[in-house]
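Read off the chains here:
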Amino acid sequence: LAAERLRVEPVRCIALEDTPTGLASARAAGMLAVQVNAASTAFPPLPEADLVLASLKDFDLSLLEPRQD
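K.L.:
Before we go on, may I ask you to explain the overall build of the protein chain in this structure?
P.N.:
The helix and strand tally for the protein chain stands at two helices and three strands. Its C-alpha atoms give the protein chain a radius of gyration of 12 Å, within 12% of the compact-globule value 11 Å for 69 residues. Expressed as a percentage of its 69 residues, the buried residues of the protein chain come to 22%. Summarising the internal contacts of the protein chain: among those between residues at least 6 apart in sequence, 19% fall at separations of at least 24. Here the protein chain displays about 5,100 Å² of accessible surface, and carbon together with sulfur accounts for 55% of that area. In the protein chain, the 6 positive side-chain charges and the 10 negative ones have mean positions that sit 6 Å from each other.

Right under this line is the structure:
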């Protein structure tokens, strides 16, 4: 829904999530699913995640650059 409202293709989106449900939703939508474990209630790395980060400080900003498809 967010991608639709922004008029962006889901494959061009990155979803930052911290729950299995959020990660599964992002993957089902076709987005890159990034698990962020910054919370004290963080889950261990989940198989639904394309990438797992300990903190948003670890986010690689190059992921935001346009892809050469």
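Once the structure has been displayed, the description carries forward.
K.L.:
For this particular structure, what's the right way to read the sheet that holds strand β1 (residues 14-17)?
P.N.:
Two pairing modes exist for strands in a sheet, parallel and antiparallel, and in both the strands are linked by backbone hydrogen bonds. Pairing in this open sheet of three strands is parallel, and the strands run β1-β2-β3 from one edge to the other. Two strands bound the open sheet, and with one partner strand each, they are β1 and β3 (51-53). Recorded for the sheet is a direction-independent mean angle of 25° between the axes of neighbouring strands. Sheet contacts for helix α2 (residues 20-29): β1 and β2 (32-36); angle to β2, the most-contacted strand, approximately 165°.

K.L.:
What am I meant to see in the nonpolar core here?
P.N.:
A general tendency of soluble globular proteins is for nonpolar side chains to be buried together. By size, the foremost hydrophobic cluster in this structure holds nine residues: Ala 3, Cys 13, Ala 15, Leu 23, Ala 26, Met 31, Ala 33, Leu 46 and Ala 49. The residues contacting Ala 26, other than those within four sequence positions of it, are Ala 15, Met 31 and Ala 33.

K.L.:
Teacher, can you tell me more about the pairing of β1 here?
P.N.:
Walk down a regular strand and you will see the side chains alternate between the two sheet faces. Sheet analysis places β1 next to β2, joined by four bridges and oriented parallel. Its bridge partner lying in β2, Ile 14 is registered against Leu 32. Each parallel crossover has a hand, and for β1 linked through α2 to β2 it is right-handed.

K.L.:
So what exactly am I meant to see when it comes to the environment of Cys 13 here?
P.N.:
Inspection of the secondary structure puts Cys 13 in the loop between α1 (2-6) and β1. Between the C-alpha atoms of Cys 13 and Val 52, which are 39 residues apart in sequence, the distance is 16 Å.

K.L.:
Any chance you could explain unusual backbone geometry here in plain terms?
P.N.:
The phi torsion of most residues other than glycine is negative, and most of the peptide bonds are trans. Phi at Arg 7 is positive, roughly 60°, even though this residue is not glycine. Residue position: Arg 7 is located in the loop between α1 and β1.

K.L.:
Can you help me understand the pattern of salt bridges in this one?
P.N.:
Close approach of charged atoms allows side chains with opposite charge to pair. Under the definition given, this model contains one salt bridge. Linking Asp 50 and Arg 27 is a salt bridge whose minimum nitrogen-to-oxygen distance equals 3.5 Å. Within this pair, whereas Asp 50 is found in the loop between β2 and β3, its partner Arg 27 is found in helix α2, the two being separated by 23 residues in sequence. For Asp 50, a relative accessible area of 40% gives the class partly exposed.

Analysis parameters
In every chain, residue numbers begin from 1 and rise along the written sequence. In keeping with the model being predicted, local features are shown solely for residues with a pLDDT of at least 70 and side-chain atom pairs are shown and tallied solely at 80 or more, while totals for entire chains, interfaces and linings include all residues. Computation of side-chain values covers all heavy atoms of the structure but excludes hydrogens and water. Only DSSP runs of H or I reaching four residues or more are called helices, and only runs of E reaching two or more are called strands; each is numbered from the N terminus. Here the radius of gyration uses the C-alpha set of atoms, whereas the globule reference equals 2.2 Å times the residue count to the power 0.38. Each residue is assigned to one of three classes by its accessible area relative to the maximum for its type, calculated with a 1.4 Å probe on protein chains only: buried under 20%, partly exposed between the two thresholds, exposed over 50%. A contact between two residues is defined here by any heavy atoms of the two lying within 4.5 Å. Calculation of accessible area relied on Shrake-Rupley with a 1.4 Å probe; when residues are assessed, cover is drawn exclusively from the protein chains displayed. Within this scheme the basic residues Lys and Arg register as positive and the acidic residues Asp and Glu register as negative, but His and the chain ends are omitted. A charged residue contributes its charge at one atom only: NZ of Lys, CZ of Arg, CG of Asp or CD of Glu. By definition, two strands form a pair when at least two bridges between them are found by DSSP. With axes taken as lines fitted to C-alpha atoms, and helix axes fitted only over the stretch in contact, angles between N-to-C directions fall between 0 and 180 degrees. Throughout, nonpolar core names a set of buried Ala, Val, Leu, Ile, Met, Phe, Trp, Tyr and Cys residues whose side chains join them through atoms within 4.5 Å. Here a crossover is taken to be right-handed if, once the strands point away from the viewer, the path from the first strand over the helix to the second is traced clockwise. Note on definitions: salt bridges are taken to be side-chain nitrogens of Lys or Arg within 4 Å of carboxyl oxygens of Asp or Glu.

Worth remembering: the numbers are spatial, not functional.
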